[in-house]
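Here's the letter readout for the chains.
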Amino acid sequence: MADDAGLRRSLGLPLLTLYGLGNILGAGIYVLIGKVAGFAGSGTTLAFLIAMATAGITAFSYMELSARYPVSASVSVYLHEAFGRRGLSTVIGLALVAGGVASAAALAQGFAGYLRSFLAVPTGIASVALLIVVGALAIRGIGESATAAASLTVLEVAGLGLVIWFGRESIARVDIAETFTIDPALGVGGLFAGVFLAFYAYIGFEDMVNVAEEARNPRRTMPLAILFALALSTVLYLLVVVVATAVVSPADLAASGAPLTLVFERTGADNAALISLIGMVATVNGVIVQLIMGSRILYGLARQGWISPRLATVHSSYRTPATATLVMLAAMVAGAVVLPLVSLAQITSLLVLGVFTLVNASLIAIKRRGAAPPGQFSVPVAVPYLGLLLCVGTVAFQLLNWSLQ
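Residues numbered from 1 in each chain as written. Predicted model: local features only at pLDDT ≥ 70, side-chain atom pairs only at ≥ 80, totals over all residues. Heavy atoms only, no water.

**Focus on helix 4 (residues 74-83)**
The periodicity of an α-helix, 3.6 residues per turn, causes residues three or four places apart in sequence to face the same way. Where burial is concerned, most of helix 4 is hidden: seven out of the 10 residues are buried. Looking at helix 4, one finds that the buried residues are Ser74, Val75, Ser76, Val77, Tyr78, Leu79 and Ala82. Tucked inside the fold, the buried residues of helix 4 contact helix 3 (44-68), helix 5 (86-115), helix 15 (273-303) and helix 17 (341-369). The first or second residue beyond helix 4 is Gly84, which carries a positive phi of 65 degrees. (Buried < 20%, exposed > 50% of the residue type's maximum accessible area, 1.4 Å probe, protein only. Helix = DSSP H or I, 4+ residues; strand = E, 2+ residues; numbered from the N terminus. Contact = heavy atoms within 4.5 Å.)

**Things to note about the side chain of Ser127**
With respect to the element layout, Ser127 can be found in helix 6 (residues 123-140). Given the relative accessible area of 0%, Ser127 is considered buried. Side-chain polar atoms of Ser127 contact the backbone oxygen of Thr123, separated by 2.7 Å. In this structure, Ser127 is in contact with Ala108, Gln109, Ala112 and Ala336, ignoring residues within four places of it in sequence. (Polar contact = N/O pair within 3.5 Å; in protein donor to acceptor, adjacent residues only side chain to side chain.)

**Overview of helix 16 (residues 322-338)**
With 17 residues, helix 16 should reach 24 Å at 1.5 Å per residue; the first-to-last C-alpha distance of 25 Å fits that figure. Tucked inside the fold, the buried residues of helix 16 contact helix 5, helix 6, helix 15, strand 2 (314-315) and helix 17. (Expected span 1.5 Å × (residues − 1).)

**Quick word on the nonpolar core**
In terms of nonpolar packing, the biggest core is built from 132 residues, with Ile29, Phe48, Tyr62, Val75, Phe205, Ile226 and Leu260 touching the most fellow members. Broken down by element, the residue count for this core peaks at 17 residues, all from helix 15. Discounting chain neighbours no more than four positions away, the residues touching Phe205 are Ile24, Ala55, Thr58, Ala59, Tyr62, Ile226, Leu230 and Phe356. (Core = buried A, V, L, I, M, F, W, Y, C linked by side-chain atoms within 4.5 Å.)

**Some details on the confidence of the model for the chain**
Residue-level pLDDT values for the chain average 85, and 93% of them are 70 or greater. Across the chain, the secondary-structure element scoring lowest on mean pLDDT is strand 1 (residues 2-3), at 46, and the one scoring highest is helix 16, at 93. (pLDDT = per-residue confidence, 0-100.)

**Notes on the pattern of salt bridges**
Summed over all chains, the structure comprises three salt bridges. Across the pair Glu64 and Lys367 runs a salt bridge, and its minimum N-O distance is 3.0 Å. Here Lys367 lies in helix 17 and Glu64 lies in helix 3, a separation of 303 residues in the sequence. Given the relative accessible area of 18%, Lys367 is considered buried. Residues joined in a network through salt bridges with shared partners are Glu64, Arg68 and Lys367. (Salt bridge = Lys/Arg side-chain N within 4 Å of Asp/Glu carboxyl O.)

**Concerning the packing of aromatic side chains**
Both the distance between ring centres and the angle between the ring planes are used here to describe each pair of aromatic rings. According to the stated counting rule, one finds nine aromatic pairs in the structure shown. Taking the centre distance of 5.6 Å and the plane angle of 80 degrees together, the rings of Phe196 and Trp402 count as edge-to-face. A residue pair is termed long-range when its members are at least 10 positions apart, and Phe196 in helix 10 (residues 187-202) and Trp402 in helix 18 (residues 382-404) qualify at 206 residues. Here the aromatic rings of Phe199 and Phe356 are separated by 5.6 Å at their centres, their planes lie at 75 degrees, and the arrangement is edge-to-face. Taken as a pair, Phe199 in helix 10 and Phe356 in helix 17 lie far apart in primary sequence, 157 residues in all. Residue class for Phe199 comes out buried when judged on its relative accessible area of 1%. Of the aromatic side chains, those joined through ring pairs into one cluster are Tyr62, Tyr69, Tyr78, Phe199 and Phe356. Between the NZ or CZ atom of Arg168 and the centre of the ring of Trp165, over which it lies, the distance is 3.8 Å. (Phe/Tyr/Trp six-rings, centres within 6.5 Å; stacked < 30°, edge-to-face > 60°. Lys NZ or Arg CZ within 6 Å of the ring centre and 35° of its normal.)

**Some details on unusual backbone geometry**
The phi dihedral of Asn271 falls on the positive side, at around 60 degrees, and the residue is not glycine. Of note, Asn271 is situated in the loop between helix 14 (259-266) and helix 15.

**Structural notes on the packing of helix 3 against helix 18**
Contact geometry of helix 3 with helix 18 gives a least axis separation of 8 Å together with a crossing angle of 140 degrees. For the pair helix 3 and helix 18, the sense of crossing is left-handed. Where helix 3 approaches helix 18, its residues Ala53, Thr54, Ile57, Thr58, Phe60 and Ser61 are matched on the opposing element by Val383, Pro384, Leu386, Gly387, Leu390, Cys391 and Thr394. Its residues placed into classes, the contact of helix 3 with helix 18 shows eight nonpolar, five polar and no charged. (Axes fitted to C-alpha atoms, helices over the stretch in contact; angles between N-to-C directions. Left-handed = near helix turned anticlockwise from the far one by under 90°. Nonpolar A, V, L, I, M, F, W, Y, C, P; charged D, E, K, R; others polar.)

**Remarks on the packing of helix 6 against helix 15**
One can describe the packing of helix 6 onto helix 15 by two numbers: an axis separation of 10 Å at closest approach and a directional angle of 50 degrees. Comparing their axes, helix 15 and helix 6 come out oblique. For the pair helix 6 and helix 15, the sense of crossing is right-handed. Residues Leu130, Leu131, Val134, Gly135, Leu137 and Ala138 of helix 6 pack against Val284, Val287, Ile288 and Leu291 of helix 15. For the contact of helix 6 with helix 15, the residue count by class is nine nonpolar, one polar and no charged. (Parallel < 35°, antiparallel > 145°, perpendicular 65-115°, else oblique.)

Written as structure tokens, this is what we have:
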């Protein structure tokens, strides 16, 4: 049973921060560090740094916009407020949904890769089973889903902490000059192919704004949660990448279906199966957040009257957008079955970079019309300009790479 009442506000700053952190971590380091190493080689750490800078600048634009407009389907609303074109807002909202679908499908396949450390289950079967279970949880409620995501995030961070701890001696032996240079065998093209894929690892903070209508005091808590989640993930990423590339060759990382399990084994630690288990947890967490994000965008677009009002249906008992959640789930299952992991991650990066470009452009347009209200979070006008330039440059380099292949 369902009705059209509003969503329940049940998320405070700690849950929002863990929600975003879990999505960022689950979306990249556990699944794609090996694939990035395959493109960038010894320049893997540099690739992650460039990707972090691109995502980090745009995160500040999101922080101001989330304080100005704390609503579901946030990006579509930002564009509508900036340019007044409903069609553009709708298309971009649906592009974000498509990115969420591709991301969740990639994570589901990553889950299958870590699961194979224990059981020889076909990728398709493991991926679909995971998505169905997560879909049931998401329909049950945002509070339950976010609490589950927060609990899983603690395990994710613990897993990365174990990799860093057991590989701590390798950090001291790292040649800084070599770590932050381009791999001569792969060149600039390889580096930026790695950047493009590594960017996927930082995706997650933009999904946080889509639960603004379920957050308490969102004008204050949302910018802070975005900042905390991105800062924590950046520190963890850089330490893990340095350890991983110090103890395992890029070629071996690229060939592994469970790259952090391989890193843990090479540090000489026992119980590497524990990292495989945590890797599975990380991917589950990422899928939960992507499903929540996509369904809230569809819900928000429907509430604005921009797509079918059926997608604004709220479950009468759980107060969640049940119809939108089921539509997302069906699309994710199809993506997990049809496309390979790297293609799904590249599709996600391309879509999200396009959206980030328009988000920065939106903030530029909004700032030209007037400053933020007193006491509200605001960034210098140079921030969205720099964010726009970095996003366009990353896409341009990748398109050039593809054209030369």
